[in-house]
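# Report on the structure
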Amino acid sequence: VQLQACGGGLVQTGGSLRLSCAAAGGTFSRYTVGWSRQAPGKEREFVAAITNSGGSTYYADSVKDRFTVSRDNAENTAYLQMNSLKAEDTAVYYCAAKYLRIPRPIENLKGWDYWGQGTLVTVSS
């Protein structure tokens, strides 16, 4: 499956953005989707994930209650709604997919099988 993330941009502190991850070349409803991010000078870190049916979602503590992951299997697209953005949310955001399963532990980014290119989110204070 091929993934393409988009929706990044420049936003002020406290603002919102919605990232999209469009999938092609596979049966999207059979893939779990995860979001991760990499800030300048830091390692890539897990942000959020959603099961293939959308029935379960997972979040890093740093984004819980601010970010919401969702998906529309009919549109072959997953989303990351980001609210109350902070300067420390500035990063390149990536979406990833894995057939049927969520990687365990969920923070293990090596567990994802397919990756899209990143989209840059810059939060200015």
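Here we summarise the structure given alongside this text.

What counts, and where the lines are drawn
- Residues numbered from 1 in each chain as written.
- Predicted model: local features only at pLDDT ≥ 70, side-chain atom pairs only at ≥ 80, totals over all residues.
- Heavy atoms only, no water.
- Helix = DSSP H or I, 4+ residues; strand = E, 2+ residues; numbered from the N terminus.
- Disulfide = S-S within 2.5 Å.
- Pairing = 2+ DSSP bridges.
- Axes fitted to C-alpha atoms, helices over the stretch in contact; angles between N-to-C directions.
- Phe/Tyr/Trp six-rings, centres within 6.5 Å; stacked < 30°, edge-to-face > 60°.
- Buried < 20%, exposed > 50% of the residue type's maximum accessible area, 1.4 Å probe, protein only.
- Lys NZ or Arg CZ within 6 Å of the ring centre and 35° of its normal.

### Section: the environment of Leu120
Along the chain, Leu120 turns up in strand S11 (residues 119-124). As for Leu120 and Cys6, which are separated by 114 residues in sequence, their C-alpha atoms are 8.5 Å apart.

### Description of the state of the cysteines
What the rule picks out here adds up to one disulfide. Residue Cys21 pairs covalently with Cys95 via a disulfide, S to S 2.2 Å. Its S-S torsion of approximately 70 degrees makes the covalent link between Cys21 and Cys95 right-handed. Placement of the pair is Cys21 in strand S3 (residues 17-24) and Cys95 in strand S9 (residues 91-99), with a sequence separation of 74 residues.

### Notes on the sheet that holds strand S7 (residues 67-72)
In spatial order, the strands read S1-S3-S8-S7; together these four strands make up an open sheet with antiparallel pairing. Of all the strands in the sheet, the pair left with one neighbour each is strand S1 (2-6) and S7. Taken over all neighbouring pairs, the strand axes of this sheet differ in orientation by 15 degrees on average, direction set aside. As paired elements, S7 and strand S8 (residues 77-82) share six bridges and run antiparallel to each other. Residue pairing across strands places Asp72 opposite Thr77, the latter belonging to S8.

### Details of the packing of aromatic side chains
Each pair of aromatic rings is reported with the distance of its centres and the angle of its planes. Applying the stated rule across the entire model yields three aromatic pairs. A ring pair is formed by Tyr31 and Tyr99, whose centres lie 5.4 Å apart and whose planes are at 75 degrees; its orientation type is edge-to-face. With a gap of 68 residues between them, Tyr31 in strand S4 (residues 31-38) and Tyr99 in strand S9 connect regions that are remote in the sequence. For Tyr99, a relative accessible area of 42% corresponds to the partly exposed category. Aromatic pair Tyr31 and Tyr114: ring centres 5.9 Å apart, planes at 80 degrees, arrangement edge-to-face. Within this pair, whereas Tyr31 is found in strand S4, its partner Tyr114 is found in strand S10 (residues 114-115), the two being separated by 83 residues in sequence. Note on Tyr31: relative accessible area 10%, which makes it buried. One aromatic cluster is present, built from ring pairs that chain together Tyr31, Tyr99 and Tyr114. Of note, Arg44 hangs over the ring of Tyr94, and the distance from its end group to the ring centre comes to 3.6 Å. We note Arg44 situated over the ring of Trp115; from NZ or CZ to the ring centre the distance is 4.9 Å.

These figures capture arrangement, not role.
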